[in-house]
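# Observations on the model geometry
Here's the letter readout for the chains.
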Amino acid sequence: MRKFPLILLLLCCLGSITARAEGELQIDSAYVAKFKVLNDYSLLGIQYGVGLSIPNMQPTRNTKMTIDPVSVGITYTRYGKLFGYMPYFGIQLGVFYNQESFQFATQKSGYTDHILGASRYDLKLIEVPAMAHLHFDFWKMKVMANIGIFGGYRLGIQRSNYTSDSYSEQYGEYKNKFHPVENRFDYGLKAGAGFGLMLDPVEVHLMVWYKLSWMNLHQPDRDRLYQESKYYYYWTYPSSINVSISLNFQLNRTHGSTKSQLRKMAKEEVMEMVRAARELTQQKDTTQVADSLSVPNAGMPLPEMKDKASEENK
């Protein structure tokens, strides 16, 4: 019996339903189309987050975690059903303004690593993620997970904590601008997980994100002073962990947001189609009965019909 709602739901996903009862009766897609769509709705959200950054450097260099105070943007989430009936999937797009940073740590010997003489980098960038969205709804809450890719562009850079005055003077022109060997375009992996509170028509989402850039911050065949090197190669891939909260507005009404609601609504809609099919079947049966009662001599008076039948029997 538990499989009955699932079977009904699968029938809903078909363009038409064919029933056989002393003939064939078809309910086409024009009839099915009038039913409301289940669990397909959209969200427009405003998101703010705070992150922790630590770069992925090869070869490994002594760095420490830094705080990224600003990650703000807007998101668009579209919920849908996989295979027409599994209400757990969607897509999420967004545009964000982020601040990211990384800093070299001072070693026990007193030496502090650097790039162009600066031991701290602060970056400002625009990020556009596109992610697959997975969610499971219960009561007035949902558990969510996202994974996808992002593209970005580094708007600005600020270098600080110079390891010596000579480096500050020599490379001071690049304190607030990018060096020619640094890459301003960015792309990489972004994934997150969290939960949400659904207060129709508003939803509040709390998420934890991990982001890893696949674009090296600079050309790898450069030393610490960005001088071309034939023997040493350096890779710097920014990465961060971010905690965010977002306020999301439902752009249209939700239907069947939970599994139990979805089954109940699907069952009701299919039963309505079954009732309509029965009515059409009854109409067809009535027409067949009427056709069977009609004969070529239906307009002839009864006595004449009897005499003619007797003559035929003789």
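Residues numbered from 1 in each chain as written. Predicted model: local features only at pLDDT ≥ 70, side-chain atom pairs only at ≥ 80, totals over all residues. Heavy atoms only, no water.

## Some points on the confidence of the model for the protein
Parts of the model with low pLDDT should not have their predicted coordinates read in detail. Averaged over the protein, the pLDDT score is 80; the fraction of residues at 70 or greater is 73%. Confidence scores differ between elements of the protein, with strand β1 (residues 17-20) showing the lowest mean pLDDT of 35 and strand β11 (residues 202-213) the highest of 96. (pLDDT = per-residue confidence, 0-100. Helix = DSSP H or I, 4+ residues; strand = E, 2+ residues; numbered from the N terminus.)

## Points about the packing of aromatic side chains
Per the counting criterion, the structure on display carries nine aromatic pairs. Measuring from ring centre to ring centre gives 6.2 Å for Y88 and F136, while their planes differ by 25°; the resulting arrangement is stacked. Residue Y88 is located in strand β7 (residues 86-104), and its partner F136 is located in strand β8 (residues 118-138); the two are separated by 48 residues in the primary sequence. For F136, a relative accessible area of 43% gives the class partly exposed. Each ring, one from Y167 and one from Y171, has its centre 6.2 Å from the other, and the planes form 40°; the classification is tilted. The structure contains a cluster of three or more aromatic residues connected by ring pairs, namely Y88, F89 and F136. In this arrangement the basic side chain of K190 is found over the ring face of W209, its NZ or CZ atom lying 5.0 Å from the centre. The ring of F150 has K211 sitting right over it, with the charged end atom 5.1 Å from the ring centre. (Phe/Tyr/Trp six-rings, centres within 6.5 Å; stacked < 30°, edge-to-face > 60°. Buried < 20%, exposed > 50% of the residue type's maximum accessible area, 1.4 Å probe, protein only. Lys NZ or Arg CZ within 6 Å of the ring centre and 35° of its normal.)

## As for the pattern of salt bridges
Overall, the coordinates contain ten salt bridges when judged by the stated rule. Salt-bridge contacts for E127 lead to K190; the nearest nitrogen and oxygen are separated by 2.8 Å. Note that E127 is positioned in strand β8 and K190 in strand β10 (residues 185-199), a separation of 63 residues in sequence. Overall, E127 belongs to the buried group, its relative accessible area being 1%. Residues R222 and D221 are paired through a salt bridge, measuring 3.8 Å at the closest nitrogen-oxygen approach. As far as the burial class goes, R222 and D221 line up, both buried. Several salt bridges converge on common partners, so that one network encompasses E100, E127, K190 and K211. (Salt bridge = Lys/Arg side-chain N within 4 Å of Asp/Glu carboxyl O.)

## Focus on unusual backbone geometry
Cis rather than trans, the peptide bond between Q58 and P59 has omega equal to -5°. Along the chain, D200 connects to P201 via a cis peptide bond; the corresponding omega equals 10°. One can find P201 in the loop between β10 and β11. Of note in this structure, N161 is not a glycine but carries a positive phi near 55°. Following the sequence through the fold, N161 ends up in strand β9 (residues 141-162). Even without being glycine, Y226 reaches a positive phi, approximately 60°. Residue placement: Y226 occurs in the loop between β11 and β12 (235-237). The exposure class of Y226 is buried, given its relative accessible area of 4%.

## Thoughts on the side chain of H114
Mapped onto the fold, H114 is located in the loop between β7 and β8. The exposure class of H114 is buried, given its relative accessible area of 5%. Here G117 takes part through its backbone nitrogen, which lies 3.0 Å from a polar atom of the side chain of H114. With near-sequence residues (within four places) excluded, H114 lies in contact with R61, F104, S119, T163, Y167, R224 and L225. (Polar contact = N/O pair within 3.5 Å; in protein donor to acceptor, adjacent residues only side chain to side chain. Contact = heavy atoms within 4.5 Å.)

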